Amino acid sequence: MVNKNKMFLLGFMGSGKSTLGKKLANKLELPFFDLDKSIEEQVGISISEIFKTKGEEYFRLLETQILNQLISKQSNFVIALGGGAPCFNNNMKLINEVGTSIYLKYNEGILASRLLNAKTNRPLIANKTKEELVDFITELLKEREQYYNQSKIIVEGNNITVNQVTDLLF
Ligand code: S3P
C-alpha cells in the first residue's frame, strides 16, 4: 500500500525534484517542503556557505536532523530531498518506514546536460569542467543508486512529468 501522506522525492542533483515536488504537492493538496531550503532557513546561510565554512560532514548531520524534524512535526507533505540525503545516516531506511519514496531516475548523460548550467549553487560540482562533470556524475550515481533503487516507486524518463508520477501512485 502506498502511503500518500508523506511523499519523498529523491534522485541525483538536476533531476527536478523541487519543480516536480511543487506540482505533485499541488495536485495532491499536500504542503510542500524543500529540504535544502528548510536547512538554509534554519541555519541562516546558503548550502554553499555551509559546505565552505563547516564542511560536508557537518552538512550531512544538519540534513538528517532537519529531515527528522520535518517528519515528526508534519503529518503530511511532499518533500524534495537534496541528492545526497537518502545516502547518509540511514535516511533511506527512515524514509521507507514512514512514507513513500519516489526516485526520479535519469541517466548520467541527461543529468550532465541538465547540470551544466546549474552548477553555481551546488558545491559538489561548482568547480567542475564539462568533461569532469560527466565522469563525476557517472561515479557518484553508481554509488548512490544502491540507495535510490530502494525507493518504493521509480519513475524513469527523459522529462518526467507529474502525471507520470501520479499514474504510478494511484
Ligand atoms: C547534494 C545535492 C544538493 C544539496 C547539496 C548536496 C548532493 O541538492 O543538497 O548541494 O550531495 O547531491 P539538489 O539535489 O537539490 O541539487
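Scroll up a little and you will see the structure.
Being a predicted model, the structure only gives us computed values, none of them experimental.

Before going further, it helps to spend a moment on the nonpolar core. With 52 residues, the main nonpolar core has Leu-24 and Ile-102 as its most contacted residues. No other element matches helix 4 (residues 56-73), which puts 6 residues into this core. For Leu-24, the residues in contact, after removing those within four places along its chain, are Met-7, Leu-9, Val-78, Ile-102, Val-162, Val-165, Thr-166 and Leu-169.

Once that is clear, we can look at the packing of aromatic side chains. Overall, the coordinates contain 4 aromatic pairs when judged by the stated rule. An aromatic cluster of at least three residues, connected via ring pairs, comprises Phe-8, Phe-33 and Phe-77. Looking at Lys-54, its charged tip hangs above the ring of Tyr-58, at a distance of 5.1 Å from the centre. Geometry around Phe-136 places Lys-128 over its ring, the cationic atom sitting 4.8 Å from the centre.

Next up on the list: the site of the ligand. Of all residues adjacent to the ligand, which total 13 residues, the nearest are Lys-17, Arg-60, Gly-83, Arg-122 and Arg-144. Lys-17 places a polar side-chain atom, nitrogen or oxygen, 2.7 Å from an oxygen atom of the ligand. Within the backbone of Gly-83, an N or O atom sits 2.8 Å from an oxygen atom of the ligand. For the ligand, whose unbound accessible area comes to 380 Å², protein coverage reaches 93%. Taken atom by atom, the bulk of the ligand overlaps the largest pocket. Taken together, the residues that form the shell around the ligand break down as 5 nonpolar, 3 polar and 5 charged.

Note that Ser-101 resides in strand 4 (residues 100-105). Classification of Ser-101 by relative accessible area gives buried; the value is 0%. Here Asn-96 takes part through its side chain, which lies 2.6 Å from a polar atom of the side chain of Ser-101. There is a polar contact of 2.9 Å between the side chain of Ser-101 and the backbone nitrogen of Lys-152. In this structure Ser-101 touches Phe-8, Leu-10, Met-92, Ile-95, Asn-96, Gln-150, Ser-151, Lys-152 and Ile-153, once residues within four positions along its chain are discounted.

On to the packing of helix 4 against helix 5 (residues 91-98), then. Where helix 4 meets helix 5, the closest approach of the two axes is 11 Å, and the angle between their N-to-C directions is 10°. Our classification of the angle between helix 4 and helix 5 gives roughly parallel. Packed against helix 4, whose contacting residues are Thr-64, Leu-67, Asn-68 and Ile-71, the element helix 5 presents Asn-91, Leu-94, Ile-95 and Val-98 at the interface. Looking at the contact of helix 4 with helix 5 residue by residue, the class counts come to 5 nonpolar, 3 polar and no charged.

Here we take up the side chain of Ser-38. By the secondary structure assignment, Ser-38 is in helix 2 (residues 35-43). Judged by relative accessible area, Ser-38 falls into the buried class, the value being 12%.

With that settled, consider the pairing of strand 4. In regular strands, side chains alternate between the two faces of the sheet. Among the 6 residues that make up strand 4, 5 are buried, leaving the element largely enclosed by the rest of the structure. Pairing geometry for strand 1 (residues 6-10) and strand 4, over 4 bridges, is parallel. Within strand 4, the residue paired with Leu-10 across the bridge is Tyr-103. Of the strand pairs in this sheet, strand 4 and strand 5 (residues 153-156) are connected by 4 bridges, and their pairing is parallel. Opposite Leu-104, over in strand 5, you have Val-155 as the bridge partner.

Calculation rules
Residues numbered from 1 in each chain as written. Predicted model: local features only at pLDDT ≥ 70, side-chain atom pairs only at ≥ 80, totals over all residues. Heavy atoms only, no water. Core = buried A, V, L, I, M, F, W, Y, C linked by side-chain atoms within 4.5 Å. Buried < 20%, exposed > 50% of the residue type's maximum accessible area, 1.4 Å probe, protein only. Helix = DSSP H or I, 4+ residues; strand = E, 2+ residues; numbered from the N terminus. Contact = heavy atoms within 4.5 Å. Phe/Tyr/Trp six-rings, centres within 6.5 Å; stacked < 30°, edge-to-face > 60°. Lys NZ or Arg CZ within 6 Å of the ring centre and 35° of its normal. Near = heavy atom within 4 Å. Polar contact = N/O pair within 3.5 Å; in protein donor to acceptor, adjacent residues only side chain to side chain. Areas by Shrake-Rupley, 256 points an atom, 1.4 Å probe, with all protein chains shown as cover. 1 Å grid on protein atoms, 1.4 Å probe; cavity = no way out; pocket = protein on both sides within 12 Å on 5 of 7 lines; lining within 4 Å. Sits in = over half its atoms within 2 Å of the grid points. Nonpolar A, V, L, I, M, F, W, Y, C, P; charged D, E, K, R; others polar. Axes fitted to C-alpha atoms, helices over the stretch in contact; angles between N-to-C directions. Parallel < 35°, antiparallel > 145°, perpendicular 65-115°, else oblique. Pairing = 2+ DSSP bridges.

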